[in-house]
Amino acid sequence: NLLDRKNFHRSVYVLLAIDSFIQPAAEVLSSLEKEQRMLLEREMEDQAAVFRQGFINSGGFDAVVEFFSFSEENPEMSQRMTRMGNAVALRILKCCLFGDRQFS
């Protein structure tokens, strides 16, 4: 189980990695020539869409919803920790629900 409620920081790290696959940073391609950059951005977009669909189909979306719900219900966690986890969880959930508008 990648999202372990008992190891919150590890789970947030995993969520950050998932977020980077779902919403890759096209900015890293900014130093390339326009043609090459456009080609690679399109490829990144396609790969992100495939990953996102696989993530949803394999239960990843549900796991993130469960993690998000748990962090809201757990009074032992500090507000800072809850915010940290919620921020990345919400980015992932938004992208799964609405797609990645970064490339559009």
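Structural notes, computed from the coordinates. (Residues numbered from 1 in each chain as written. Predicted model: local features only at pLDDT ≥ 70, side-chain atom pairs only at ≥ 80, totals over all residues. Heavy atoms only, no water.)

### A closer look at the overall build of the protein chain
Put simply, the rule reads: Starting at the N terminus, helices and strands are each numbered in turn, a helix being any DSSP run of H or I of at least four residues and a strand any DSSP run of E of at least two. Only protein chains enter the calculation, and the probe is 1.4 Å; a residue is then buried if its accessible area is under 20% of its type maximum, exposed if over 50%, and partly exposed in between. The contact criterion used is simple: two residues touch if any of their non-hydrogen atoms lie within 4.5 Å. Accessible areas in this description were obtained via Shrake-Rupley with a 1.4 Å probe; residue shielding takes into account the shown protein chains only.
The helix and strand inventory of the protein chain stands at four helices and zero strands. Counting across all 104 residues of the protein chain, residues that qualify as buried make up 36%. A fraction of 70% describes how many contacts in the protein chain between residues 6 or more apart in sequence connect residues 24 or more apart. Total accessible area on the protein chain stands at roughly 7100 Å², and carbon and sulfur atoms take up 54% of it.

### Describing the pattern of salt bridges
For clarity, the cut-off: Salt bridges, as used here, are contacts in which a Lys or Arg side-chain nitrogen is within 4 Å of a carboxyl oxygen on Asp or Glu.
Applying the stated criterion across every chain, the model contains two salt bridges. For arginine 91, the salt bridge goes to aspartate 19, with nearest N and O atoms at 2.8 Å. With a gap of 72 residues between them, arginine 91 in helix H4 (residues 79-98) and aspartate 19 in helix H1 (residues 8-22) connect regions that are remote in the sequence. Overall, the relative accessible area of 42% leaves arginine 91 in the partly exposed class. As a salt-bridge pair, glutamate 41 and arginine 37 come within 3.9 Å of each other at their nearest N and O atoms. With glutamate 41 and arginine 37 both in helix H2 (residues 34-57) and four residues apart, the pair spans about one turn of that helix.

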